[in-house]
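Inside the fold
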Amino acid sequence: MGDAYVALDRDWRITYVNPAAARLNGITAVEAVGKTHAEQWPASAGTELERMYRRALDERIAIHMEHRYVEAGKFDTWFEIDACPTDDGGLGIFFRDISARKRAQEALEEGERQFRMLAESIPQLAWMADANGYIYWYNQRWYDYTGTTAEDMAGWGWQSVHDPDQLPLVLDRWQDSIRTGEAFDMEFPLKGADGVFRWFITRVVPVSDACGNVVQWFGTNTDVNERRRMEAKFRATFEQASVGICHTASNGTWLDLNERFCQIVGYSRDELRGMTFRAITHPDDVRRDEDAVARLVAGDLRSYRTEKRYIRKDGSTVWTELTSSFVHDDGSYAAGAGYLVTVVEDISERKAAEQRLNEANLALEELNAELEMRAEQLQETATELEAQTEELQVTTEELMQKTEEAQTANQTKSDFLASMSHELRTPLNAIGGYVELIEMGLRGPVTPEQLTDLARIQRSQKHLLSLINDVLNFAKLGAGQVEYDTENVTLDTALRDTEEMVLPQMRAKDIGYTYEGCDPTLAVSADREKLQQIMLNLLSNAVKFTHPGGHISVACQVSDTFISIRVSDTGIGIPADKLDSIFQPFVQVERKLSQPTTGAGLGLAISHDLALGMGGDLMVESAGGGGSTFTLMMPRATD
Ligand code: ADP
């Protein structure tokens, strides 16, 4: 189809309209010819079109233009117009309807505008290259990030922001894609405006025409620096964690394991990768683990925590505490694809400590039971002791009562003896006095036989008197009425004075006597009279129980605190079974009643009491029949 053609004369009147022009305008040539341009196309008045036509007429030049003619309700058409002056001074106008092409172009431009807007609004760096890889457009983000200009970047200028080490590989791969038409996908660093390289994922997709030929490339660079940093951080945390961490697929196969986990179970990472958790779980713990995994995967359980045993590569068992949760690929907790994240802690030591504690507790319990038993026994013993104490108390009370009774009885006896002795002495003294009166002849003449009898009466009276004196003295001792007039007594003097009193009797009985002498400087602390009374008793007894021709000796022995006076005889001796009781009152060995010189058996008892009363003691030794030795110990004078 040919162009539409309209001819104008110099007055802008239409002189000719060809059929194409008539059809295009919806008019007939007859209607149009004769009308002015403005009459036929009123909407062109004052437009660029009119201005251009005028220029072509005035300057006699050809013009070419595209013009959108809009006449409300009638036209909205794009025309491509060529106008050239005619020989008659008018204008020949060739035009064609290009509305369809214009609309397509506009749509294309709109599409491109929208695409660029989109490409500018995405967070990535973006660019476009032609089929040969020549980059002709970058988004603003690219320039902002790299700090470059369009001139720097045009074509292959982008290489300046690449790491020179990586560039050869990038170029290789990029050229590969250009050649094959395959998408390009690669991670490499790009230099920022601050000179710092950051990691980007670069994806380039081919844009193809209807026939499948690549016409251009669209590329994006996504900043993954932060992601890589996080990944590195995560990896380091994962690897350096003091607990074991593993990722396990829902079928139990390990996906990833950290170093610590490998240490705990004693396998290398490579060995574990092909295995499932079941393979190294203690047989008794497998069932429970499997149940838990099923529930985690099903979403019935958010997290699972347990204590379990692994069998290490060396065959030993290791106790661990494990926490597991299921992470879904889409990050949700709904059932679906995902993997298990498990944290494993070696608690062997804690377990061992628990074991020890249990053992200690058991031992403690046993000890407690034992202690309880002992306590019960003790309680029983205590009860028994209490009963015994009660009994003892009763006994003590009885004893005290008896002692009191005995003391009362003793006192009564002492009182009785004292008063009796006194009562007896008075008539005895009277007997003595009257015998003396008769003896002296004051009652008339006395015959020699009477004198002998009187002498016998006198001896008996004296003997009786001495017996009564003994009884009185002993009674006094028993009643605690004796007073001691303690002084330093020179022993030698005291002994010699006493010896005087018994020497006549010894001579009369033909008994030998030795006094070995006592250091005249030695003194004892004693009541002189009572000391002499004891010595007299010991010497008298020695004379009494030694046969004529026998021997008596007195000797002194000195120690730091005591002086002992030993009175030994060769007399009849004292049987061994009597030695203990000899100092008891009224005790006599083989008493011979016919023997008038025999005493009352009180002498030694009195002497013993007196010796004790002065801080000393009186002891006896005898071999029975082989003589006796009495030892009086007295405390040494202190100064
Ligand atoms: P008495 O001499 O008045 O009987 P004593 O108390 O002085 O009382 O003595 C008690 C008894 O001890 C004596 O009867 C005697 O049997 C025995 N006796 C005392 N001294 C001796 C001695 N030197 N040798 C043997 N027997 C003695």
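Structure report, in brief. Fair warning: this is a prediction, and the values are worked out from it, not measured in the lab.

1. A short note on the layout of surface pockets
A probe matching the size of a water molecule, rolled over the atoms, marks out where space remains unfilled. Here the second largest pocket defines a volume of roughly 220 Å³. Around the second largest pocket, the lining comprises 14 residues; the ones closest to its centre are Asn473, Glu529, Lys530, Gln533 and Leu610. Among the elements that make up the lining of the second largest pocket, the one with the highest residue count is helix α16 (residues 528–544) (5 residues). Here the lining of the second largest pocket is built from residues that sort into 6 nonpolar, 4 polar and 4 charged.

2. Looking at the site of the ligand
Among the 21 residues in the neighbourhood of the ligand, the closest are listed as Asn541, Lys544, Asp569, Gln588 and Leu604. In this structure, a nitrogen atom belonging to the ligand sits 2.8 Å away from a side-chain N or O atom of Asp569. Here a nitrogen atom of the ligand sits 3.4 Å away from a polar atom, N or O, in the side chain of Ser628. Considered on its own, the ligand offers 530 Å² of accessible surface; in the complex 98% of this is hidden by protein. Among the elements of the structure, α16, α17 (603–613) and β22 (628–635) are those that each provide at least two residues to the shell around the ligand.

3. Focus: the state of the cysteines
For the coordinates displayed, the defined rule picks out 1 disulfide. With its sulfur 2.0 Å from that of its partner, Cys518 forms a disulfide with Cys556. Since a negative S-S torsion denotes a left-handed disulfide, the Cys518-Cys556 link at about -120° is left-handed. Placement of Cys518 in the loop between β17 (512–515) and β18 (523–526) and of Cys556 in strand β19 (residues 551–558) is noted, with a sequence separation of 38 residues between them. Judged by relative accessible area, Cys518 falls into the buried class, the value being 6%.

4. A few points about the packing of α16 against α17
The N-to-C vectors of α16 and α17 enclose an angle of 145°; their axes lie 10 Å apart at closest approach. Regarding α16 and α17, the two cross each other, and that crossing is left-handed. Of the residues in α17, those in contact with Lys530, Gln533, Ile534, Asn537, Leu538 and Asn541 of α16 are Gly603, Leu604, Ile606, Ser607, Leu610 and Ala611. A breakdown of the residues in the contact of α16 with α17 according to their chemical character gives 6 nonpolar, 5 polar and 1 charged.

Calculation notes
- Residues numbered from 1 in each chain as written.
- Predicted model: local features only at pLDDT ≥ 70, side-chain atom pairs only at ≥ 80, totals over all residues.
- Heavy atoms only, no water.
- 1 Å grid on protein atoms, 1.4 Å probe; cavity = no way out; pocket = protein on both sides within 12 Å on 5 of 7 lines; lining within 4 Å.
- Points joined across faces, edges and corners; volume = space filled by probe spheres on them.
- Helix = DSSP H or I, 4+ residues; strand = E, 2+ residues; numbered from the N terminus.
- Nonpolar A, V, L, I, M, F, W, Y, C, P; charged D, E, K, R; others polar.
- Near = heavy atom within 4 Å.
- Polar contact = N/O pair within 3.5 Å; in protein donor to acceptor, adjacent residues only side chain to side chain.
- Areas by Shrake-Rupley, 256 points an atom, 1.4 Å probe, with all protein chains shown as cover.
- Disulfide = S-S within 2.5 Å.
- Buried < 20%, exposed > 50% of the residue type's maximum accessible area, 1.4 Å probe, protein only.
- Axes fitted to C-alpha atoms, helices over the stretch in contact; angles between N-to-C directions.
- Left-handed = near helix turned anticlockwise from the far one by under 90°.
- Contact = heavy atoms within 4.5 Å.

The quantities given are spatial measurements derived from coordinates; they are silent on function.
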